[in-house]
Amino acid sequence: MATNVRTRDGGPATSRSASRRSRGEAPFRYLSTAAGVALLAIMAAIAVFLISEAIPALRANEANFFSELTWEPNSSREFGIAALAFGTVLSSLLALVIATPIAVGVALFISHYAPRRLAAPLGYLIDLLAAVPSVVYGLWGVAFLVPLLRTPSQWLNETFGWFPLFGGDGIIGGKTMLAGSVVLAIMILPIIAAISREVFLQAPKMNEEAALALGATRWEMIRMAVLPFGRPGVISAAMLGLGRAMGETIAVALIFPATFDITFQILTPHANSIAANIANGFGEANDIGRGALIASGLVLFVITLLVNMAARFVINRRKEYARTGA
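Residues numbered from 1 in each chain as written. Predicted model: local features only at pLDDT ≥ 70, side-chain atom pairs only at ≥ 80, totals over all residues. Heavy atoms only, no water.

**Quick look at the overall build of the protein**
Basically, it comes down to this: Secondary structure is summarised from DSSP: a helix means a run of H or I of at least four residues, a strand means a run of E of at least two, and numbering begins at the N terminus for each. Residue burial is assigned from relative accessible area. The probe radius is 1.4 Å, only protein chains are included, and a residue is buried under 20% of its type maximum, exposed over 50%, and partly exposed in between. The contact criterion used is simple: two residues touch if any of their non-hydrogen atoms lie within 4.5 Å. To measure how exposed things are, a 1.4 Å probe is used in the Shrake-Rupley method; for residues, cover is taken only from the protein chains shown.
Of the regular secondary structure elements, the protein holds twelve helices and two strands. For the protein, the N- to C-terminal ordering of α and β elements is α-β-β-α-α-α-α-α-α-α-α-α-α-α. When the 326 residues of the protein are sorted by exposure, 42% land in the buried category. For the protein, the share of sequence-separated contacts (at least 6 apart) that also reach a separation of at least 24 residues comes to 71%. Within the structure as shown, the protein displays about 18000 Å² of accessible surface, and the carbon and sulfur contribution to it stands at 66%.

Below is the structure:
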């Protein structure tokens, strides 16, 4: 019946609309393909640049780049990434552990608990936190958070000093791994909360209404219908926040004491990261020093890729479960 409908020029209406769709689909497909290829080309160009600039410094290195704790490329040409990589991973994981539960709670409150008059302004406020420059967070951390955490750090050390994270002798508090991790947690919290909120709002309303109709409480409805559906999205948001924490530079450069050792004692002034070391040392580095810093940036680049690949693997394993929840 549809093929009998004629337009003013006598042609079939369905054929004309199909022709228009085909003409619009080809350019869109080509543009999408070009965008994907351009992204891969940019990543490849970054990798080639990092490798080409790092090779001379790695050849001049007189120590093991992956296990050496010393970082003296400008003088003795002995440098290693072990302490910097350890500090980067530990501070980012601590920030993720602190930020994720709070962010998920904020997202659930905005999406399912808060009244509309409160949910919208609170959502805007969370989004605005992501736009605050990192140097502001760093200055706030140095001027306000570091002195504020001194007393809680001493209490944690005296009460839970038997636990490796809270142990340590000598100076407790000040510019520590804990202070830097708290600042990183505040910085990544808006990202995780915003993405989780949008995912929770997309949960099927029929599943929520069915759970409530069967007598479930609001929390039981969220646990059965919302969280299973939003789990892949929360994982993606957490991994995005983890990548942001690993690459953060100015805030941690202002807070970390720039030491080169490996310790799990987050209450003592021992902390550093790859990004902070690059920011602190690039201006005074010679040719070998700049190459060493670029080599450390290559390591950070690889770590970030591995984190994103791991997140994609976890999400792909959860696809069937998420589809069932939907």
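**A short note on the packing of aromatic side chains**
To describe a pair of aromatic rings, you give the distance between the ring centres and the angle between the ring planes. Put simply, the rule is: For Phe, Tyr and Trp, where Trp contributes only its six-membered ring, two rings pair if their centres lie within 6.5 Å, and the inter-plane angle classes them as stacked under 30 degrees, edge-to-face over 60, or tilted in between. Cation placement over rings: the criterion is NZ of Lys or CZ of Arg within 6 Å of the ring centroid and within 35° of the ring normal.
Overall, the coordinates contain nine aromatic pairs when judged by the stated rule. Between Phe-163 and Phe-166, the ring centres sit 5.9 Å apart and the planes meet at 45°, which makes this aromatic pair tilted. Judged by relative accessible area, Phe-163 falls into the partly exposed class, the value being 36%. Through pairs of rings, three or more aromatic residues link up here, namely Trp-155, Phe-160, Trp-162, Phe-163 and Phe-166. When the ring centre of Tyr-30 is taken as origin, the NZ or CZ atom of Arg-29, which lies over that ring, is 5.3 Å away.

**Some points on the environment of Val-104**
Among the structural elements, Val-104 can be located in helix H2 (residues 82-113). Look at Val-104 and you get buried, because its relative accessible area is 16%. Put simply, Val-104 and Ala-194 are 90 residues apart on the chain and 9.2 Å apart in space, counted from C-alpha to C-alpha.

**Some details on the side chain of Ser-273**
Stated precisely, the cut-off is as follows: We call two N or O atoms a polar contact when they sit within 3.5 Å, provided that within protein one can donate a hydrogen and the other can accept it, with sequence-adjacent residues counted only if both atoms are side-chain atoms.
Within the secondary structure, Ser-273 is located in the loop between helix H9 (250-255) and helix H10 (274-281). Engagement of the side chain of Ser-273 in a polar contact is seen with the backbone nitrogen of Ala-276, the distance being 3.2 Å. Excluding residues within four positions of it along the chain, Ser-273 makes contact with Leu-84, Thr-88, Val-252 and Phe-256.

**Some details on the side chain of Glu-208**
By secondary structure assignment, the location of Glu-208 is in helix H7 (residues 205-213). Only 3.1 Å separates the side chain of Glu-208 from the side chain of His-112, close enough to count as a polar contact.

**Let's talk about a nonpolar patch on the surface**
Spelled out, the test is: A residue counts toward a patch only above 30% relative accessible area and without a salt bridge, and it is joined to like-charged neighbours within 9 Å or, for Val, Leu, Ile, Met, Phe, Trp and Tyr, to nonpolar neighbours within 5 Å. By definition, a salt bridge exists where a carboxyl oxygen of Asp or Glu is found within 4 Å of a side-chain nitrogen of Lys or Arg.
Side chains of Leu-39, Met-43, Val-302, Leu-305, Leu-306 and Met-309 sit close together on the surface and give an oily, nonpolar patch of about 540 Å² of accessible area. Taken together, the elements giving at least two residues each to the nonpolar patch come down to helix H1 (13-60) and helix H11 (287-317). The element that contributes the greatest number of residues to the nonpolar patch is H11, accounting for four residues. Checked against the element boundaries, Met-309 lands in helix H11.

**Looking at the pattern of salt bridges**
It is possible for side chains of opposite charge to pair when their charged atoms get near one another. Using the criterion set out here, one finds five salt bridges in the structure. Here Glu-208 ties to Lys-205 by a salt bridge, and the two come within 4.0 Å at their closest N and O atoms. Taken as a pair, Glu-208 and Lys-205 lie in helix H7 at a separation of three residues, close to a single helical turn. Residue classification places Glu-208 among the buried positions, given a relative accessible area of 7%. Two residues, Arg-244 and Glu-248, come together in a salt bridge whose shortest N-O distance is 3.5 Å. Judged by its relative accessible area of 26%, Arg-244 is partly exposed. The network of salt bridges with common partners includes Asp-127, Arg-197 and Glu-198.

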